[in-house]
Amino acid sequence: MRKLLGKPRQFRNKPLDNSLKEECIMSLQTSRPQTSNPADEAAIRALYQQQLDGWNRGDGDAFAAPYTEDADFIGFDGTHLKGRREIASFHQMLFDKYLRGSRLVGKVRSVRFLTPDVAIMHAVGGTVMPGRSDLEPDRNSIHTIVAIKRNAEWRFTAFQNSRAQFVGRPELAQQLTEELRQLL
């Protein structure tokens with residue numbers, strides 16, 4: 001094993017200078033989880049509902065309204081959309097061709113503030129396809145969303161949509177479906 005790793009590095013026992021100490025302390029302070037502001041958390045949760053409402057109206061512009069102009073949106077199939085305009089036009093095409101009359105339900109599971117102006121949100125969503133009254137479990141998804149606050153306004157700047165397949169754990173897929181059915 002010693003031959004694979006090579007010689008251990010030798011470090012001098014040298015005291016940290018004051019500027020390096022201050023930089024380390026600042027880094028530790030800013031890396032601690034931020035406490036949430038209830039008004040900010042409510043604003044972020046409202047953006048998620050706004051997105052759901054846009055989907056349910058079949059309106060690409062309304063669906064994309066919560067996003068920044070330069071947002072990144074990764075769809076369940078790996079599609080990478082860049083910016084609010086592209087998110088809106090792509091979803092309008094989906095609504096017009098494939099998803100007309102579908103219904104999206106979703107639930108925010110958590111909002112965690114990384115800084116006072118950056119938060120990460122985890123949510124789950126499911127789709128009721130046109131002409132149906134129940135979810136299609138194969139379409140259930142987990143959403144990871146990054147929200148940022150600019151000029152006192154919250155917007156989504158990144159969205160990752162992953163199908164909730166739970167490989168080898170069908171009970172988790174069923175639990176998610178039941179959780180989402182409560183929203184119907």
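Structure: see above.
Bear in mind that the values here come from a model prediction, so they are computed numbers and not experimental data.

About the criteria used
Residues numbered from 1 in each chain as written. Predicted model: local features only at pLDDT ≥ 70, side-chain atom pairs only at ≥ 80, totals over all residues. Heavy atoms only, no water. Helix = DSSP H or I, 4+ residues; strand = E, 2+ residues; numbered from the N terminus. Buried < 20%, exposed > 50% of the residue type's maximum accessible area, 1.4 Å probe, protein only. Core = buried A, V, L, I, M, F, W, Y, C linked by side-chain atoms within 4.5 Å. Contact = heavy atoms within 4.5 Å. Polar contact = N/O pair within 3.5 Å; in protein donor to acceptor, adjacent residues only side chain to side chain. Salt bridge = Lys/Arg side-chain N within 4 Å of Asp/Glu carboxyl O.

This brings us to unusual backbone geometry. The phi torsion at Ala152 lies on the positive side, around 65°, for a residue other than glycine. By the secondary structure assignment, Ala152 is in the loop between strand 5 (141–150) and strand 6 (153–163). Non-glycine residue Phe166 carries a positive phi angle of around 45°. With respect to the helices and strands, Phe166 occurs in the loop between strand 6 and helix 6 (170–181). The exposure class of Phe166 is partly exposed, given its relative accessible area of 22%.

Once that is clear, we can look at the nonpolar core. Formed by 29 residues in total, the largest nonpolar core has its most connected members in Ile44, Tyr48, Ile87, Met121 and Phe156. Those elements that provide at least two residues to this core are helix 3 (38–57), helix 4 (60–64), strand 1 (67–74), helix 5 (84–97), strand 3 (103–115), strand 4 (118–128), strand 5 and strand 6. With five residues, helix 3 is the largest single contributor of residues to this core. Leave out the neighbours within four places in its chain, and Ile87 touches Phe63, Ala64, Tyr67, Ala71, Phe73 and Leu81. Counting seven residues, the second largest nonpolar core, distinct from the first, contains Val124, Val128, Ala164 and Leu176.

Mapping Asn161 onto the fold places it in strand 6. In sequence terms Asn161 and Thr144 are 17 residues apart; their C-alpha atoms lie 6.7 Å from each other. For Asn161, the side chain forms a polar contact with the side chain of His143, separated by 3.4 Å.

Take the environment of Arg150 next. Position of Arg150 relative to the elements: it lies in strand 5. Spatially, the C-alpha atom of Arg150 lies 9.6 Å from that of Val118, the residues being 32 residues apart in sequence. Not counting the four nearest positions on each side in its chain, Arg150 is found in contact with Thr68 and Asp70.

Here we take up the pattern of salt bridges. Tallied over the full model, the rule gives twelve salt bridges. Notably, a salt bridge pairs Arg132 with Glu136, separated by 3.7 Å at the nearest N-O pair. Judged by relative accessible area, Glu136 falls into the partly exposed class, the value being 27%. Through salt bridges that share partners, Lys107, Arg109 and Glu179 make up one connected network.

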